[in-house]
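One-letter residues, chain by chain:
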2 protein chains.
Amino acid sequence: MSTLPSILTDTARELVKQSSKRKVTLASAESCTGGLVAAAITEIAGSSAVLERGFVTYSNAAKAESLGVPVALIAQHGAVSEEVACAMAEGALFNSHAQIAVSITGIAGPGGGSEHKPVGLVWFGLARRGETTRTERHVFSHLDRHGVREAAALEALRLLTEAVRA
Amino acid sequence: MSTLPSILTDTARELVKQSSKRKVTLASAESCTGGLVAAAITEIAGSSAVLERGFVTYSNAAKAESLGVPVALIAQHGAVSEEVACAMAEGALFNSHAQIAVSITGIAGPGGGSEHKPVGLVWFGLARRGETTRTERHVFSHLDRHGVREAAALEALRLLTEAVRA
């Protein structure tokens, strides 16, 4: 029995196991998933040794102030962009003691979509101290708001697991 | 269909509705719930106008650095205490633009309990600009880790709704 779907908690359990084994600590910077990634990780007993902290930066002010994402970058590219995903992940590292950070910024819907940035578009950032930050773009089409959020949270957990194992 | 239990999303829906109507913005500072409160609020469409930001301060360093909770306060009273709950809620206000902030710090288990601080003990803080911060203590006994977290998240959503309506 779990508060979150087993697909999320099972993935989080493996992530916590692998991170604990390697003594790697994590941070999350979430926009459209709004805390789901941190909630999934912390559902697992022993996660306190793994999740150093999480940022739920729903507003642009939060992205700028809590993560240090330049306001001009948001204005130029939009909050849902490769550039902002990259800056969010790096900001999460800079503003924490974690070794690896993931960021998620997307359009969960139902509103907010456009031709070039449809509902379901999500950008991810994966930052690791001393390495170049990676980004990934996914479009979770044909999913509603909770489906997009859940798929995005799952992808973020997978990205973290992959990074921890590397 | 929702990623989170309907008891949480139904409560969050009412909170977002009441907050939107009154143009009140919210912040969360979560320890043992690890992002569940923010995740429940952001599950609701339109919540971007309501949740200004959230802090998942799982480590003591996060409580100190992201929320400004004095390290000495944590050392003196422990992370799960009325004093730290109070400082977390006020820190969430101070480090955001929200009008109302809730904090949650507790022992979700299975480990970490003691005679005076059993598994299931959760302290809540409710801070509002210009008002005295309120605290509440609950012991969610006979619940496992996910049960404690879920009950604590629900209580935090209720505290926020009550504060928004007041």
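For clarity, every value in this text was computed on a predicted model and none was experimentally measured.

To continue, consider the relation of the copies chain B and chain A. Of the transformation placing chain B onto chain A, the axial shift is 0.0 Å and the rotation is 180 degrees, giving an RMSD of 0.0 Å. Those values place the two copies in the arrangement expected of a two-fold rotation axis. Within chain B, G35 of chain B has its C-alpha nearest the rotation axis, a separation of 2.3 Å. A share of 100% of interface residues in chain B that are also interface residues in chain A marks the association as one of identical surfaces.

Our focus in this paragraph is the environment of A89 of chain A. All names here are of chain A. Summarising the element assignment, A89 is placed in helix α5 (residues 82-94). For the pair A89 and I100, spaced 11 residues apart in the sequence, the C-alpha separation amounts to 8.7 Å. In this structure, A89 is in contact with A101, S103, G125, L126, A127 and T133, ignoring residues within four places of it in sequence.

All names here are of chain A. Going through the model one piece at a time under the given rule, you end up with 2 aromatic pairs over all chains. Ring plane angle 90 degrees and centroid distance 6.5 Å describe the contact between F124 and F140, whose orientation is recorded as edge-to-face. Residue F124 is located in strand β4 (residues 121-128), and its partner F140 is located in the loop between β5 (134-139) and α6 (145-165); the two are separated by 16 residues in the primary sequence. F140 carries the same exposure label as F124, and that label is buried.

Each value, and the rule that gives it
Residues numbered from 1 in each chain as written. Chains lettered and ligands numbered in written order. Predicted model: local features only at pLDDT ≥ 70, side-chain atom pairs only at ≥ 80, totals over all residues. Heavy atoms only, no water. Least-squares fit on C-alpha atoms with pLDDT ≥ 70 in both. Contact = heavy atoms within 4.5 Å. Helix = DSSP H or I, 4+ residues; strand = E, 2+ residues; numbered from the N terminus. Phe/Tyr/Trp six-rings, centres within 6.5 Å; stacked < 30°, edge-to-face > 60°. Buried < 20%, exposed > 50% of the residue type's maximum accessible area, 1.4 Å probe, protein only.

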